[in-house]
Amino acid sequence: MVNKLEKEYMKYLETGVETPTFNYLTTQLESSRNGLNKYVKNIHKLKPVDEFFVCVVCRAMVGVIERTFRDEQNDLNGPKGDDVAKKIAMDACQRLKIQTKEVCEGLFDGHWPILRYFLENTSVDAKTICSFYIQFTFCNVADHPKFNFNLELDDADQPSIIASKSNGGRKTAKDLNILHLTDIHHDPLYEPGSLAECDEPLCCQRHKSLAVGTSKAAGYWGDYRDCDLPWHTVNQAFTHIRQAHADIDYIFQTGDVIDHMIWSTSMAKNKVVYERVVKRIYELFPDVPVYPCIGNHEAHPLNLFSPTYAPDSVNSHWLYEFLYDIWSKWLPADTKETILRGGYYTALARPGYRIISLNNNDCYTDNWWLFYNGTDMKTQLMWFYETLLAAERANEYVHILAHLPSGDDTCWNVWSREFNRLVRRFRETISGIFNGHSHADEMHVHYTSGGYAVAVTFNGGALTTWTYKNPNYRIYRVEPKTLQVVDHETWIFNLTAANSAGAEQSPRWFKEYIFSEEFTDDLSPAGLDNLLEQMADNPRLLQKFWRFKMLSTDPRLRKGCNRSCMLKTLCRLAVTVNDQRRRCEELTAKLIKAVNSSKISFNT
């Protein structure tokens, strides 16, 4: 299918004639998928028919541009190259109804300079690009030795792991309180009453006349549909936290301050939005140390984080300089070198307690710099190794901040495999890992190849409502000696109720749940692995976890979680390298048995 489409597209570009085969292929392909925007908004969570569509379009169109550009006799090598490339992209966009013209044009204008740089300076092909970008069955190709690597670790004398890590920590009166904010996604163009159901990836910004008096009108405090947060909601959330929690010791902010208007980003816009949000945190919490990390939405162009040697025209250095200027309010001066190098740092929060903040957008499959040279990310991981080694020798405990969960299907498997090697190696030094990105209140247990639990990643959910989520934040109780998380609580407000009350009444934030009261008071890796066993044996317990994972959101609860959803929910808890799923398979086999033998009826 890819070869035929690419061949016919080349004929069309060369002759201007749409052959019957060309029209048949494009018509059949366009009609095969399920919905206009689904693959644009959730490209890594598609059904097989949509996976097929995305993979074929990706390979064929990248192949067309690649062949056209690299043909010395073609226009793309001349002064008209940019115009010809845009013509190809826009034709495919409209012919296959990929997105609106405005979105396609904005995405092309932002990303083409870097794609052109790749085509001029590498031999990367369409199969490689689409295999990295879309890590699912249809697009997978053989291993990429050019992009594979192994970290050289000095761990030969490490003792064998023969049991799961169990620290036995419990709550005390002296515990630290850490606020976790993530995925704030402030939209400066949000307009209450505007159209909340639109053809673009982000709505609630315009077309108010079409929405007035209908159910499609955006709510005042936010909207469950494809919308981010207005400033008055962001500010109200921060103000509430300041008033409700006077005992916060530290703040973790794990990325994605910028909105989902992915076709209209710019350095200027991103700077204004980011600065507004972060400065408000500093204003309300002037004496609380803030430790941030970078989300994929902070970059312009979106998702792209270059190596240091990239030329100025396509370099990310502007972002790192900007972030250091803001972050330096709380971070020590010696973090400057690594922040400017790649947006990562380490800092001593207090004697014996170290923070390591990674820019793991290195592993994000939407970061096209992976295609350029996947081994570039080895630099940061080796720094990570050396920093952990120094912490181990100094008897320090470490908290790791990173935007993406390592087992997410958007995180490149080679990176997550090596990251997990480090987690296993330094399991006694690492006391907690904290992520965002998924917009779900969840966690992930890290395992050895032998099935022993050695670490836990905690995911803080999201402040934004995008999509179908109640706004939330999380507070961790942390044992002050070993820095283990001994409990956490999630706070939300119900968006339906808040919008019903309107602008005259602030949202009513409430404590949705305390983890120890609903599940277990043993939050060690061993304790949480045991909890996963209980969830596999008791589907009702897993159902409760899913409800909290979805932040008790009205539309989510009405839809429910069917059998497939329950299996995926449990599996995700036990996967931290996307292609290493042994523990997932063990647990889901138990869950299937439990479901088959029970009388539980799952909503569809």
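If you're wondering where the values come from, they're calculated on a predicted model, not measured in any experiment.

Scoring rules and cut-offs
Residues numbered from 1 in each chain as written. Predicted model: local features only at pLDDT ≥ 70, side-chain atom pairs only at ≥ 80, totals over all residues. Heavy atoms only, no water. Pairing = 2+ DSSP bridges. Helix = DSSP H or I, 4+ residues; strand = E, 2+ residues; numbered from the N terminus. Axes fitted to C-alpha atoms, helices over the stretch in contact; angles between N-to-C directions. Phe/Tyr/Trp six-rings, centres within 6.5 Å; stacked < 30°, edge-to-face > 60°. Buried < 20%, exposed > 50% of the residue type's maximum accessible area, 1.4 Å probe, protein only. UniProt positions renumbered as here; feature names shortened; annotations may be inferred. Contact = heavy atoms within 4.5 Å. Polar contact = N/O pair within 3.5 Å; in protein donor to acceptor, adjacent residues only side chain to side chain. Salt bridge = Lys/Arg side-chain N within 4 Å of Asp/Glu carboxyl O. Parallel < 35°, antiparallel > 145°, perpendicular 65-115°, else oblique. Nonpolar A, V, L, I, M, F, W, Y, C, P; charged D, E, K, R; others polar. Core = buried A, V, L, I, M, F, W, Y, C linked by side-chain atoms within 4.5 Å.

1. Side note on the sheet that holds strand E11 (residues 485–492)
Line of reasoning, step 1. If you trace the six strands from one edge of the open sheet to the other, you get E3-E2-E1-E10-E11-E12, paired in mixed fashion. Strands at the two margins of the open sheet, each flanked by one partner only, are strand E3 (290–292) and strand E12 (510–514). On average, each strand axis in the sheet is tilted by 25° relative to the strand beside it, whichever way the strands run.
Line of reasoning, step 2. Taken together, the seven bridges between strand E10 (residues 472–478) and E11 define a ladder with antiparallel strand orientation. Paired with tyrosine 476 across the strands is histidine 488, a residue of E11.

2. Concerning the packing of aromatic side chains
Line of reasoning, step 1. Tallying each qualifying case throughout the model produces 32 aromatic pairs.
Line of reasoning, step 2. Ring plane angle 55° and centroid distance 5.9 Å describe the contact between tyrosine 385 and phenylalanine 426, whose orientation is recorded as tilted. Here phenylalanine 426 lies in the loop between helix H15 (413–425) and strand E7 (430–435) and tyrosine 385 lies in helix H14 (residues 378–393), a separation of 41 residues in the sequence.
Line of reasoning, step 3. Judged by its relative accessible area of 0%, phenylalanine 426 falls in the buried class.
Line of reasoning, step 4. Between phenylalanine 493 and tryptophan 509 the ring centres are 4.9 Å apart and the planes differ by 85°, which places this aromatic pair in the edge-to-face class.

3. Regarding the UniProt feature "binding site: Zn(2+) 1" (unreviewed entry) in the chain
Line of reasoning, step 1. Annotation from UniProt places "binding site: Zn(2+) 1" (unreviewed entry) at Asp183, His185, Asp256 and His439. On the basis of their most widely separated C-alpha atoms, the annotated residues across 257 residues gather in one place, lying no more than 10.7 Å apart.
Line of reasoning, step 2. Among the structural elements, aspartate 183 can be located in the loop between strand E1 (176–181) and helix H8 (208–211).
Line of reasoning, step 3. The class for aspartate 183 is buried, based on a relative accessible area of 0%.

4. Let's talk about helix H11 (residues 317–327)
Line of reasoning, step 1. Taken across its eleven residues, H11 has eight buried, putting it largely inside the fold.
Line of reasoning, step 2. Listed as buried for H11 are Trp318, Leu319, Tyr320, Phe322, Leu323, Tyr324, Ile326 and Trp327.
Line of reasoning, step 3. Packed against the buried residues of H11 are helix H10 (267–284), E3, helix H12 (336–342) and strand E4 (345–350).

5. Let's talk about the UniProt feature "binding site: Zn(2+) 2" (unreviewed entry) in the chain
Line of reasoning, step 1. Look at the UniProt record and you will see "binding site: Zn(2+) 2" (unreviewed entry) annotated at Asp256, Asn296, His403 and His437. Across 182 residues of sequence, these annotated residues stay compact in space, with a maximum C-alpha separation of 8.4 Å.
Line of reasoning, step 2. In this structure asparagine 296 touches Asp256, Leu302, Asn303, Phe305, Asn361, Tyr364, His403 and His437, once residues within four positions along its chain are discounted.
Line of reasoning, step 3. Residue position: histidine 403 is located in the loop between strand E6 (397–401) and H15.
Line of reasoning, step 4. On the basis of relative accessible area, histidine 403 is assigned to the buried category, the value being 0%.
Line of reasoning, step 5. One polar contact links the side chain of histidine 403 to the main-chain carbonyl oxygen of threonine 254, over a distance of 2.7 Å.

6. Describing the pattern of salt bridges
Line of reasoning, step 1. Tallied over the full model, the rule gives 35 salt bridges.
Line of reasoning, step 2. For arginine 225, the salt bridge goes to aspartate 223, with nearest N and O atoms at 2.8 Å.
Line of reasoning, step 3. Arginine 583 is the salt-bridge partner of aspartate 529, the closest N and O atoms lying 3.0 Å from each other. One end of the pair, aspartate 529, is in helix H18 (residues 525–537); the other, arginine 583, is in helix H22 (residues 582–597), with 54 residues separating them in the sequence.

7. Here we look at the packing of H14 against H15
Line of reasoning, step 1. Running from N to C, H14 and H15 point in directions that differ by 5°, and their axes come no closer than 11 Å. The pairing of H14 with H15 is recorded here as roughly parallel in orientation. Between H14, through Leu381, Phe384, Tyr385, Leu388, Leu389 and Glu392, and H15, the contact on the second element is made entirely by Trp415, Glu418, Phe419, Leu422 and Arg425.
Line of reasoning, step 2. Here the contact of H14 with H15 is composed, by residue class, of eight nonpolar, no polar and three charged.

8. Focus: the nonpolar core
Line of reasoning, step 1. Membership of the largest hydrophobic core comes to 94 residues, with the highest contact counts inside it found for Tyr291, Trp327 and Met535.
Line of reasoning, step 2. In terms of residue count, H11 provides more of this core than any other element does, eight residues in total.
Line of reasoning, step 3. Setting aside residues up to four positions removed in sequence, tyrosine 291 forms contacts with Tyr250, Ile251, Phe252, Gln253, Leu331, Tyr345, Ala347, Leu348, Ala349, Ile355 and Leu401.
Line of reasoning, step 4. With 77 residues, the next largest nonpolar core counts Val2, Phe149, Ala391 and Leu422 among its residues.

9. As for the side chain of threonine 576
Line of reasoning, step 1. With respect to the helices and strands, threonine 576 occurs in the loop between helix H21 (563–573) and H22.
Line of reasoning, step 2. Within the structure, the side chain of threonine 576 is placed 2.8 Å from the side chain of asparagine 420, a separation counted as a polar contact.
Line of reasoning, step 3. Sequence-distant contacts of threonine 576, defined by excluding residues within four places in its chain, comprise Ser406, Gly407, Ser416, Asn420, His444, Val445 and His446.

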